[in-house]
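Residues per chain, in single letters:
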Amino acid sequence: MNDTPPLLPVHVISGFLGSGKTTLLKSVLASEDFGDSAVLINEFGEVGLDNRLLGSIAEDAVLLSNGCVCCTIRGELSDALRRLLSQRQEGLIPAFKRIVLETTGLADPGPIASTITADPVLRHHLRPGTNVTLVDALNASTSREQFPVWEAQVAVADTLVISKTDLINESELSDVQDLLDTINPAARRLGAEALGQPSDLLFASSPHLQSFTPSEAKSWLGPWRRVTTADSHDHLNEVRSFRLNFEGEIDWTCLGIWLSMLLNRHGSNILRVKGVLHVMGDNRPVILHGVQHTIHPPEHVEHWLEDDRCSELIFITRGINADRVTDSLNAFMRQVSDHPSPRIFHA
Ligand SMILES: Nc1nc2c(ncn2[C@@H]2O[C@H](COP(=O)(O)OP(=O)(O)OP(=O)(O)O)[C@@H](O)[C@H]2O)c(=O)[nH]1
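Named according to an unreviewed UniProt entry, the protein is GTP-binding protein originating from Cobetia marina. Check the Function (unreviewed entry) section of the UniProt entry for the protein; it says "Zinc chaperone that directly transfers zinc cofactor to target proteins, thereby activating them. Zinc is transferred from the CXCC motif in the GTPase domain to the zinc binding site in target proteins in a process requiring GTP hydrolysis." Its UniProt record gives the protein the following Catalytic activity (unreviewed entry) comment, quoted word for word: "GTP + H2O = GDP + phosphate + H(+)".

Shown next as structure tokens:
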């Protein structure tokens, strides 16, 4: 029997300045099913205001001060997480079941996952949880134009929560949805209802946090209509998404080597990889899930949905187009794999 305690998830709430992160966090902490959470708040600047705004709901919130979790205070984040774990172990604080981290509006949440998985202590107790990103509907387009980090925040999201929809009309909202479609078509999307959502559902859309049913695995990849073709955008550094389709089974080792090489070379520009794959010799679908340099251990789904055994792999990249990735994978598979290569093409 395996009696190793389960790894505790670290969920992240990010989103640009003023997008509604604290508003959502307050609602999360007020929900009954989220009582046993430890909260970390990363503030930028001398005075941590959000901490005070949270008031009595989260009196024990730990404030990470004066820097961004993604860059200057990654060490401070590791220390704070270690401290929380040791206080929990010594019984000084209640045995929380999860950690919720609110980042600054200027942080790229991508590196948080690797802060956890690369740390020799943290990785035995914690695992990256779900990334929830707030999108301020009123300012989405301007923020995107002016602040590259806005795209990075949208790209890493498992769930996108669109706030301030009450301040725009339907056609403006449709423009925001289209914009999100070009960057992260695969993320689950919520609007104002996110505030009333049971928090375990809000944070549930990550494959390593629950066992997916076959239909959940497919819907995790997002609806087809959200696919955009990368080639309709030609800005060098634009964030875009594309979906690779595979006809035929995949040589897992070969794909793994190619992916490692890709991340090694272009990791900071591969913002997100997620897929459901038909791996050679494996009857069950394999879920692949990565954020920037961090690829999570693959998970299995029990069985395929009916006869649909097509593999799909979604990429969200900055300045790397779909043709380049597809050609590179096709060529690598043909040259390296001893098995027949699947036909790989992008939607
Ligand atoms: N009208 C409207 N206002 C909202 C909504 N969500 C948040 N706000 C308001 O927007 C302001 C900023 O919300 P916060 O939750 O503090 O945003 P934040 O992302 O934590 O802000 P920073 O920590 O400064 O980056 C507050 O005045 C909120 O009441 C919304 O859906 N509609």
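The structure having been displayed, the exposition proceeds.
J.: What should I look at first to understand the overall build of the protein in this one?
T.: When helices and strands are counted, the protein shows 11 helices and 14 strands. Relative to its full complement of 347 residues, the protein shows a buried share of 55%. Of all intrachain contacts in the protein linking residues separated by at least 6 positions in sequence, the fraction that spans at least 24 positions is 76%. For the protein, the accessible area works out to roughly 15700 Å², and carbon and sulfur atoms hold 51% of it.

J.: Before we go on, may I ask you to explain the nonpolar core in this structure?
T.: Taken as a class, soluble globular proteins show a tendency for nonpolar side chains to be buried jointly. By size, the foremost hydrophobic cluster in this structure holds 25 residues, and its most contacted members are Leu 244, Leu 255, Trp 258, Leu 313, Phe 315 and Leu 329. Those residues in contact with Trp 258 that lie beyond four places of it in its chain are Phe 315, Val 325, Ser 328, Leu 329 and Phe 332. Judged by nonpolar contacts, the second largest core, of 20 residues, contains Trp 150, Leu 160, Ile 168 and Val 239.

J.: Just checking my understanding: could you explain the site of the ligand for this structure?
T.: Taken together, 14 residues lie near the ligand, and Lys 21, Thr 22, Thr 23, Lys 164 and Asp 166 sit nearest. Residue Gly 18 places a main-chain N or O atom 2.9 Å away from an oxygen atom belonging to the ligand. For the ligand, an oxygen atom lies 2.7 Å from a polar atom in the side chain of Thr 22. Computed on the free molecule, the ligand has an accessible area of 640 Å², of which 62% lies beneath the protein chains in the complex.

Definitions and cut-offs
- Residues numbered from 1 in each chain as written.
- Predicted model: local features only at pLDDT ≥ 70, side-chain atom pairs only at ≥ 80, totals over all residues.
- Heavy atoms only, no water.
- UniProt positions renumbered as here; feature names shortened; annotations may be inferred.
- Helix = DSSP H or I, 4+ residues; strand = E, 2+ residues; numbered from the N terminus.
- Buried < 20%, exposed > 50% of the residue type's maximum accessible area, 1.4 Å probe, protein only.
- Contact = heavy atoms within 4.5 Å.
- Areas by Shrake-Rupley, 256 points an atom, 1.4 Å probe, with all protein chains shown as cover.
- Core = buried A, V, L, I, M, F, W, Y, C linked by side-chain atoms within 4.5 Å.
- Near = heavy atom within 4 Å.
- Polar contact = N/O pair within 3.5 Å; in protein donor to acceptor, adjacent residues only side chain to side chain.

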